[in-house]
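Examination of the molecular architecture
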Amino acid sequence: LASITVFGSSITNNALNMKKRHPLADRPIVDWDLIFAMEPLSLVGVLLGTIINKIFPEGILAMTLIMFLSFVSYLTISR
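Position numbers for residues start from 1 in each chain and track the written sequence from start to end. Local features in this predicted model are restricted to residues of pLDDT 70 or higher, and side-chain atom pairs are both shown and tallied only at a pLDDT of 80 or more, whereas totals for entire chains, interfaces and linings draw on every residue. With hydrogens and water stripped out, all remaining heavy atoms of the structure feed into the side-chain values.

Runs of H or I in DSSP of at least four residues are treated as helices and runs of E of at least two as strands, each being numbered from the N terminus. Across its full length, the protein carries three helices and zero strands. Secondary structure elements in the protein, listed N-terminal to C-terminal, are α-α-α. For this measure, only C-alpha atoms enter the radius of gyration; the expected value for a globule follows 2.2 Å times N^0.38, where N is the number of residues. Compactness check: the protein gives a C-alpha radius of gyration of 19 Å against a globular reference of 12 Å for 79 residues, more than 25% above the reference. Across its three principal axes, the protein shows a C-alpha extent of roughly 50 × 40 × 20 Å. Working definition: with a 1.4 Å probe on protein chains only, accessible area under 20% of the residue-type maximum means buried, over 50% means exposed, and in between means partly exposed. Within the span of the protein, comprising 79 residues, buried residues form 3% of the whole. For the protein, the accessible surface area stands at approximately 7,300 Å², while carbon and sulfur atoms represent 72% of it. Methods summary: accessible areas were calculated by the Shrake-Rupley approach with a probe of 1.4 Å, and residue burial reflects only the protein chains presented.

Structure (structure tokens):
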């Protein structure tokens, strides 16, 4: 039921924002070029993440996520 609610609200929000214009520039508020570029990459990431999650054990996944979080935290703090 929660997935249906999120899907319905997303469709409604998209339909309401589809024809809105940017307040300061003469362009739509929704950047369709960005959506068309990012959505396929997002779907590929979800697909690969699902496959990797099924292949590797939980320990390896946890260690990989901890190393990634540590690396990103180091980059954030070093700036």
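Here the narrative resumes.
So, on to the packing of aromatic side chains. Each Phe, Tyr or Trp ring (for Trp, its six-membered ring) is paired with any other whose centre lies within 6.5 Å, and the angle between the two planes then decides the class: stacked below 30 degrees, edge-to-face above 60, tilted in between. By the definition in use, this model includes one aromatic pair. Look at Trp32 and Phe36: their rings are 6.4 Å apart centre to centre, the planes differ by 35 degrees, and that puts the pair in the tilted class. Placement of the pair is Trp32 and Phe36 together in helix H2 (residues 32-55), with a separation of four residues, close to one helical turn.

The patches reported here contain residues having more than 30% relative accessible area and no salt bridge. Joining distances are 9 Å for like charges and 5 Å for nonpolar side chains (Val, Leu, Ile, Met, Phe, Trp, Tyr). Note on definitions: salt bridges are taken to be side-chain nitrogens of Lys or Arg within 4 Å of carboxyl oxygens of Asp or Glu. On the surface, Val44, Leu47, Leu48, Ile51, Ile52, Ile55, Phe56 and Ile60 cluster together into a nonpolar patch covering about 730 Å² of accessible area. By secondary structure assignment, the location of Ile52 is in helix H2. We classify Ile52 as partly exposed; its relative accessible area is 40%.

This part is about the pattern of salt bridges. A complete count under the given rule lists one salt bridge for this structure. Asp26 is paired through a salt bridge with Arg21; the nearest N and O atoms lie 3.1 Å apart. We classify Asp26 as exposed; its relative accessible area is 74%.

Right, let's talk about the confidence of the model for the protein for a bit. With 100% of its residues at a pLDDT of 70 or more, the protein has an overall mean of 93. Every residue gets a pLDDT, meaning the predictor's confidence in that residue, from 0 to 100. Mean pLDDT across the elements of the protein bottoms out in helix H1 (residues 2-17) (92) and peaks in helix H3 (residues 58-78) (96).

Here we come to the environment of Asp26. With respect to the helices, strands and loops of the structure, Asp26 is situated in the loop between H1 and H2. Considered as a pair, Asp26 and Ala2 are 24 residues apart in the sequence and their alpha carbons are 37 Å apart. Looking at Asp26, its side chain comes within polar contact range of the side chain of Arg21, at 3.1 Å. Within 3.5 Å is the distance limit for a polar contact, defined as a pair of N or O atoms, with the added protein rule that one can donate a hydrogen and the other accept it, and that residues adjacent in sequence qualify only through two side-chain atoms.

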